[in-house]
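An overview of the molecular structure
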Amino acid sequence: MSVLPPIPPDWDRLARPPRETLWMAVENHGVDHDRFRGTLAHTVEPLGAEIGLRQWVHQTEELISAALRGYLLIDLERLGVAGQPGGRRLAHHTGPNDEALVLEQWFVIVEYVDGSAGHTLTATLATDRYDTLADIVATTAQSWDPAEVAAGAG
């Protein structure tokens, strides 16, 4: 039985995701190669024992706002993720080819015997596709259990 959440229809799971990414899927546009391809990625970041959720969220917000051009935070909320305290971030930014993009991210800290790790599920979508894909991506987020995925990845 796979512990990976289902990906949206017509998306492709990458066989070799980037470093610190447990899995990644990209939107498949077929022959429309010029269009921004949405991404959905589960990343993990080792955290020190002294870093709690609030501090990690604040640090991440600073990093994201510095790294993404035209970053605008729309919503940041606390909510449960896989039965643990976590949250969700919704933001807008400008892509590398001046595309208008939406970033939707769910995050949670998972405690392990040897320390904790911050897990994020990040969807980056073309703004004009967000209405079409938001519910599909949210369904993936609802079935996402970072502790199970991380355990299955090792």
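Residues numbered from 1 in each chain as written. Predicted model: local features only at pLDDT ≥ 70, side-chain atom pairs only at ≥ 80, totals over all residues. Heavy atoms only, no water.

As for its position among the elements, His42 is in strand β3 (residues 39-47). At 2.8 Å, the side chain of His42 forms a polar contact with the side chain of His119. (Helix = DSSP H or I, 4+ residues; strand = E, 2+ residues; numbered from the N terminus. Polar contact = N/O pair within 3.5 Å; in protein donor to acceptor, adjacent residues only side chain to side chain.)

Taken in spatial order, the seven strands line up as β1-β2-β3-β7-β6-β5-β4 in an open sheet, and their pairing is antiparallel. Strand pairing shows two members of the sheet lacking a second neighbour, β1 (11-13) and β4 (72-81), which therefore form its edges. Pairwise comparison of adjacent strand axes, ignoring direction, gives a mean angle of 20° for this sheet. Inspection of the sheet shows strand β6 (residues 100-112) paired to strand β7 (residues 115-126) by twelve bridges, in the antiparallel sense. Its bridge partner lying in β7, Val108 is registered against His119. Relative to the sheet, helix α1 (residues 53-67) contacts β3, β4, β5 (84-94), β6 and β7, its axis offset from that of β6 by approximately 150°. The sheet contacts of helix α2 (residues 127-142) involve β1, β2 (21-27), β3, β5, β6 and β7, and relative to β7 the element is tilted by about 145°. (Pairing = 2+ DSSP bridges. Axes fitted to C-alpha atoms, helices over the stretch in contact; angles between N-to-C directions. Contact = heavy atoms within 4.5 Å.)

On to the environment of Arg89, then. Note that Arg89 resides in strand β5. Overall, Arg89 belongs to the buried group, its relative accessible area being 1%. Through-space distance from the C-alpha of Arg89 to that of Tyr71 is 12 Å; in sequence the pair is 18 residues apart. Every residue in contact with Arg89, bar those within four places of it in the chain, is listed here: Val57, Thr60, Glu61, Ile64, Tyr71, Leu73, Asp75, Leu76, Leu103, Glu104, Gln105 and Phe107. Within the structure, the side chain of Arg89 is placed 3.4 Å from the backbone oxygen of Val57, a separation counted as a polar contact. (Buried < 20%, exposed > 50% of the residue type's maximum accessible area, 1.4 Å probe, protein only.)

That's the geometry; what it means functionally is another story.
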